Amino acid sequence: MSTDQLERSQLSEASAAPAPPTVAAPRRRRRTERLQRRLFIAPSILVLLVLALYPLVFIATAAFTRSSLGRPFQEFTGLENLRSAATNSAVQDSLLMGTGYAFGVAAASTILGTATAVALWRSVRSGAVLRTVLLLPIIVPPVIVGILWGFIFSPSGGLIDTLLRQFTSFSGTFAVLSDPTWAIVGVAVADIWEWTPLVVLLVFTALLGQDPEILEAAQIDGAGPLQQFFHVTLPTVAGTIAAAFLIRFILAFKVFDLVYVMTSGGPGSSTQVPAYLIWRAALQNFDVGMAAAITLLLAVVVTIVTVPIFALSKRLRHD
């Protein structure tokens, strides 16, 4: 074959070979993939906008207008509702009590839940039935929980009253839910009983996810059970415990069902937590503007007190 024929053959093969992919092809593919992902999550975003954004806009708008239950947004009032709510002693007392209640209930649930989770983790092979029983309160509706604990605290034939009369010399009447001092404690006990299993579940799952080789290394180094727990196990699950406290803290701020069923905000105003006060303003006094203003104040308080907890939880999870 001559040199000219060889060159023509090489040129024809080069022209017949497929062109190398251009830089634009991968870019188009990435854009297509991003579009597909967005289309997949679009329904979830739409539901979130409808269920979360619309109520938020409604509350924010109602807080700056004169609004009743049947006629919202009657006229713009500026900061009048917020000013009235912020200077109202009942609202101030409710927010203060709600914050203290949330801290107390969250701390008790976290301590009890962590201790229970550690005990279950120690007996992981033999505690399947016990673990199931301990998680039952979390699936009971809050209204049923309130009715149940209302019977337990009943001054006439309730469980506590019966135990006091049976095993002590107590002969008076111990009406927990009728006492201005003890009523909020009774609600807190029911709340702790209901939601502590959530902390148990979170911490127990974190304990199961530990690396067993680290515990074995600690045992080989001569660490005792307490040393293993405080120096190995606890630092490993500290982030989960902090996150559980944060979740429990927020849930405690939202308590309404138990108060409504057990005390109806009484006696007096001793159990008027913020959620119950908002309900009264909106559905008993028909003042939606004031209810929205209290809701915004509650959101500000919750944000202020949860930001440090969230930062601590995030730091512990990354340490």
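Scope of this entry: the structure provided in the associated data block. Model, not experiment: these values are computed from the prediction. (Residues numbered from 1 in each chain as written. Predicted model: local features only at pLDDT ≥ 70, side-chain atom pairs only at ≥ 80, totals over all residues. Heavy atoms only, no water.)

### Let's talk about unusual backbone geometry
At the junction of Gly266 and Pro267, the peptide bond is cis and its omega measures out at -5° in the coordinates. Looking at the secondary structure, you find Pro267 in the loop between α11 (257-262) and α12 (274-284). Its identity as a non-glycine residue notwithstanding, Phe73 has a phi of 55°, on the positive side. Position of Phe73 among the secondary structure elements: in the loop between β1 (65-66) and β2 (75-76). Unusually for a residue other than glycine, Ser264 sits at a positive phi of about 55°. For Ser264, the location among the structural elements is in the loop between α11 and α12. (Helix = DSSP H or I, 4+ residues; strand = E, 2+ residues; numbered from the N terminus.)

### Digging into helix α6 (residues 142-152)
Turning to α6, its buried residues number three or more, namely Val145, Gly146, Trp149 and Ile152. Take α6 and look down its axis: the buried residues cluster within an arc of 120°, on one side only. Those residues of α6 that are buried lie in contact with α7 (159-167), α8 (183-208) and α11. (Buried < 20%, exposed > 50% of the residue type's maximum accessible area, 1.4 Å probe, protein only. Arc of directions from axis to C-beta. Contact = heavy atoms within 4.5 Å.)

### Concerning the environment of Pro72
Counting through the fold element by element, Pro72 comes out in the loop between β1 and β2. Of the residues examined, Pro72 reaches a relative accessible area of 32% and is grouped as partly exposed. Residues within four places of Pro72 in sequence aside, it is in contact with Phe58 and Ser67.

### Thoughts on the nonpolar core
Among soluble globular proteins, nonpolar side chains are generally buried collectively. In this structure, Tyr101, Trp149, Phe249, Phe253, Leu258, Met262 and Ile294 are the most contacted members of the largest nonpolar core, which totals 43 residues. When residues in this core are grouped by element, the largest group, eight residues, is from helix α13 (residues 288-318). When neighbours within four sequence positions are excluded, Met262 is seen to be in contact with Gly146, Trp149, Gly150, Phe153, Leu177, Gly186, Val187 and Ala190. Counting residues in hydrophobic clusters, the runner-up holds 17 residues, among them Ala117, Val118, Phe204 and Ile241. (Core = buried A, V, L, I, M, F, W, Y, C linked by side-chain atoms within 4.5 Å.)

### Things to note about a nonpolar patch on the surface
Nonpolar side chains collect at one region of the surface, where Phe40, Ile41, Ile45, Leu49, Leu53, Leu56 and Val57 lie side by side and expose about 680 Å² of accessible area between them. Along the polypeptide, Ile41 turns up in helix α2 (residues 24-63). Ile41 gets classed as partly exposed once you look at its relative accessible area, which sits at 44%. (Patch = residues over 30% accessible without salt bridge, like charges linked within 9 Å, V, L, I, M, F, W, Y side chains within 5 Å. Areas by Shrake-Rupley, 256 points an atom, 1.4 Å probe, with all protein chains shown as cover. Salt bridge = Lys/Arg side-chain N within 4 Å of Asp/Glu carboxyl O.)

### So, the pattern of salt bridges
Within this structure, the stated rule accounts for three salt bridges. Across the pair Asp161 and Arg165 runs a salt bridge, and its minimum N-O distance is 3.1 Å. In this pair, Asp161 and Arg165 are both assigned in helix α7, four residues apart and thus about one turn of the helix distant.

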